[in-house]
Amino acid sequence: MAFDKNFLWGGATAANQYEGGYLDGGKGLSTSDVLTAGAHDKRRRVTWKNPTTGETGSTSFDFLKSQRVVPEGTVPAVLSDEYYPSHVATDFYHHYKEDIGLMAEMGFKAFRLSINWARIFPNGDDAEPNEEGLAFYDHVFDECQKHGIEPLVTLSHYETPLALAINYNGWASRRLIDFFVKYATTVMTRYKGKVKYWLTFNEINVMEMAPFMGGGVIASSPEIKAQAAHNQFVASAKVVKAAHEIDPAMKVGQMLAYGPLYAYTADPADQLLVMKQMQSSMFYADVQTGGHYPQYRIKKYEREDIKLDDTPEDYELLEKYSADFLSFSCYGSNVVTTHKDVGEAAGNFMTGVKNPYLKTNAWGWTIDPDVLRLALNTLYDRYHKPLWIVENGIGWDDQISADGKIHDSYRIEYLQQNLNSMRDAVTIDGVDLMGYTMWGCIDLVSAGTGEMKKRYGFVYVDRDDNGNGTLDRTPKDSFYWYKKVIASNGEDLTDSLNAESVAAK
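Because the structure is a prediction, the values reported are computed rather than measured.

Some points on the overall build of the chain
Here comes step 1: Helices and strands together make up the secondary structure of the chain, namely 15 helices and 17 strands.
Here comes step 2: Since a compact globule built from 505 residues should have a radius of gyration of about 23 Å, the 22 Å found for the chain is in line with a globular shape.
Here comes step 3: For the chain, the spread of C-alpha atoms along the three principal axes comes to 60 × 55 × 50 Å.
Here comes step 4: Each of the 505 residues in the chain was classed as buried or not, and the buried ones make up 59%.
Here comes step 5: Considering only contacts within the chain whose residues lie at least 6 apart along the sequence, 75% involve residues at least 24 apart.
Here comes step 6: Accessible surface, the chain as shown: approximately 19200 Å² in total, 50% of it carbon and sulfur.

Right under this line is the structure:
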């Protein structure tokens, strides 16, 4: 048998892209609530207001470029004449029973979701939690228990209470360590016995390229990003400690954005570029899962004269309370080069050049049949801790056919290749893999582009890029294919024709 009988098959979502109900039940504003819609060729924007003059406007949300996401003297704000996809998203807030029922029909063993911090502490630093918010997630976890689905809960997934961003510059301030630990211990205590698996920060290494998204940092610089990352590391370690004290059965993992990097040429300069870019990403796991600051990052800080506001206790915490397991997202690989005449072709978050051996989707993401085996072996060999693939999938402009169904054979083909690669890592290489949760299992808003038409799910949600639609749910062909995969515990990965025949029944 390829996978352990307790292998956790399932799907993954995030509150800021899926939950909706952005002011329902006493929820406060989060940083995601001031991000507009966008498209593949149109950047999302951060909207703002000048509290003194009343002037309003928006700033393009550019990964890797912006040092300040809004102009001096302004603060991020919701404007009445803008469309914000997070405000309704695909409305899990009002459809959670239906959606969890669909997950149960597929046979899910696990459901990765996030708690919206601003739903529990509307301003992030409130004295008391919001009971309505706590009760909502009680209902969600009770529904999961009813169907035998294990929740995997992310505490902060691309959202920070907006008040913390405005008042403290987000995670640039050490004050957020205590605010986050209070939030985490509140929900861990409340949901003891209902939630065993936790993640602290989604794709924590996004701090490197998008600190506002990753940590509510409005004004950024290399030193501020370094400090914000350090503060999140310390907070994570304190949450690991607290979780083990609240319930020794709880496990707290790291979540890393990861994709194998290939050098475009045999030029040694390209090999060095791969090394440097991998260090930039793996640093976050070296600290949070490995327990230590690596020498290559220490030397980098010395060269750039970056000094952290830290304490000796910080490093003791990092070593003693590293992550229990390493979870990661992996959608495809990327190719980099020092040669400027090659031409660029990249997805949302990554820059690189087109791999001539691989296909891509409409958003520039590569479809690499060996990507998960490569990723799993690299991470397991480096950290020797259990792994969990918590995001993997393909965004596509799914269309409803004349027969009223969604025939997404391209998604099935992608998943077939990826799951075969994952199975090889387990059966041939002996990687310790806890589970697999496919990203966006029910259609949601893309974080990178802020659009609906870039769909990931097994379930189609009737909503468009302008917020129109009934929000009705319709299973795609991949729904039935994945149901078969789970029922066979990953043994049956045969082609899409099986899914179509099952869907026709």
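Now that the structure is up, let's keep going.
Looking at the side chain of lysine 476
Here comes step 1: Position of lysine 476 relative to the elements: it lies in the loop between strand S17 (473-475) and helix H14 (477-487).
Here comes step 2: The buried category is assigned to lysine 476, whose relative accessible area is 0%.
Here comes step 3: For lysine 476, the contacting residues outside a window of four places in its chain are Asp398, Ile406, Asp408, Arg411, Asp443, Arg455, Tyr456, Gly457, Phe458, Val459 and Tyr460.

A short note on the side chain of asparagine 130
Here comes step 1: Relative to the helices and strands, asparagine 130 resides in the loop between helix H3 (117-120) and helix H4 (131-146).
Here comes step 2: Residue classification places asparagine 130 among the buried residues on the basis of a relative accessible area of 14%.
Here comes step 3: Among all residues touching asparagine 130, those that are not within four sequence positions of it are Gly25, Gly26, Lys27, Arg119, Ile120 and Pro122.

Notes on the packing of helix H9 (residues 268-288) against helix H10 (residues 295-303)
Here comes step 1: Where H9 contacts H10, the two axes come as close as 10 Å, and the packing angle between them is 115 degrees. Classified by the interaxial angle, the pair formed by H9 and H10 is roughly perpendicular. Seen from above, H9 lies across H10 with left-handed handedness. Contacts between H9 and H10 pair Gln279, Ser280, Met282, Phe283 and Asp286 from the former with Tyr296, Arg297 and Tyr301 from the latter.
Here comes step 2: Residue composition of the contact of H9 with H10, by class: four nonpolar, two polar and two charged.

Things to note about the packing of aromatic side chains
Here comes step 1: A full pass over the atoms with the stated rule returns 38 aromatic pairs.
Here comes step 2: Centroid distance phenylalanine 136 to tyrosine 137: 4.9 Å. Interplanar angle 70 degrees. Geometry classified as edge-to-face.
Here comes step 3: Of the residues examined, phenylalanine 136 reaches a relative accessible area of 5% and is grouped as buried.
Here comes step 4: With a centroid separation of 5.6 Å and 70 degrees between ring planes, the pair formed by tryptophan 171 and phenylalanine 180 is classed as edge-to-face. Phenylalanine 180 matches tryptophan 171 in its accessibility class, with the two residues each being buried.
Here comes step 5: Here the guanidinium or amino end of arginine 297 rests over the ring plane of phenylalanine 283, the centre of that ring lying 3.9 Å away.

Observations regarding the pattern of salt bridges
Here comes step 1: In the structure shown here, the tally under the stated rule is 26 salt bridges.
Here comes step 2: Of the charged contacts in the structure, one is a salt bridge between arginine 119 and glutamate 19, with a shortest N-O distance of 2.8 Å. Of the two residues, arginine 119 is situated in helix H3 and glutamate 19 in the loop between helix H1 (15-18) and strand S2 (45-49); the sequence distance between them amounts to 100 residues. Accessibility assignment for this pair places arginine 119 and glutamate 19 in one class, buried.
Here comes step 3: For the salt bridge of arginine 373 with aspartate 429, the shortest nitrogen-to-oxygen distance reads 2.7 Å. Here the residue arginine 373 occupies a position in helix H12 (residues 371-383), and aspartate 429 occupies one in the loop between helix H13 (409-427) and strand S15 (433-439), the gap between them amounting to 56 residues.
Here comes step 4: For aspartate 429, a relative accessible area of 31% gives the class partly exposed.

Some remarks on H9
Here comes step 1: Here H9 contains 21 residues, and its C-alpha end-to-end distance of 30 Å stays within 8% of the 30 Å for a straight helix at 1.5 Å per residue.
Here comes step 2: At serine 281, H9 is deflected by roughly 40 degrees, the largest bend along its length.
Here comes step 3: Among the residues of H9, those classed as buried are Asp270, Val274, Met278, Ser281, Met282, Phe283, Tyr284, Ala285, Asp286, Val287 and Gln288.
Here comes step 4: Backbone nitrogen of alanine 269 and a side-chain oxygen of the N-cap are separated by 2.9 Å at the start of H9; the cap is aspartate 267.

Parameters and conventions
Residues numbered from 1 in each chain as written. Predicted model: local features only at pLDDT ≥ 70, side-chain atom pairs only at ≥ 80, totals over all residues. Heavy atoms only, no water. Helix = DSSP H or I, 4+ residues; strand = E, 2+ residues; numbered from the N terminus. Rg over C-alpha atoms; globule rule 2.2 N^0.38 Å. Buried < 20%, exposed > 50% of the residue type's maximum accessible area, 1.4 Å probe, protein only. Contact = heavy atoms within 4.5 Å. Areas by Shrake-Rupley, 256 points an atom, 1.4 Å probe, with all protein chains shown as cover. Axes fitted to C-alpha atoms, helices over the stretch in contact; angles between N-to-C directions. Parallel < 35°, antiparallel > 145°, perpendicular 65-115°, else oblique. Left-handed = near helix turned anticlockwise from the far one by under 90°. Nonpolar A, V, L, I, M, F, W, Y, C, P; charged D, E, K, R; others polar. Phe/Tyr/Trp six-rings, centres within 6.5 Å; stacked < 30°, edge-to-face > 60°. Lys NZ or Arg CZ within 6 Å of the ring centre and 35° of its normal. Salt bridge = Lys/Arg side-chain N within 4 Å of Asp/Glu carboxyl O. Expected span 1.5 Å × (residues − 1). Bend = angle between axes of the 7 residues up to and from the residue. Polar contact = N/O pair within 3.5 Å; in protein donor to acceptor, adjacent residues only side chain to side chain.

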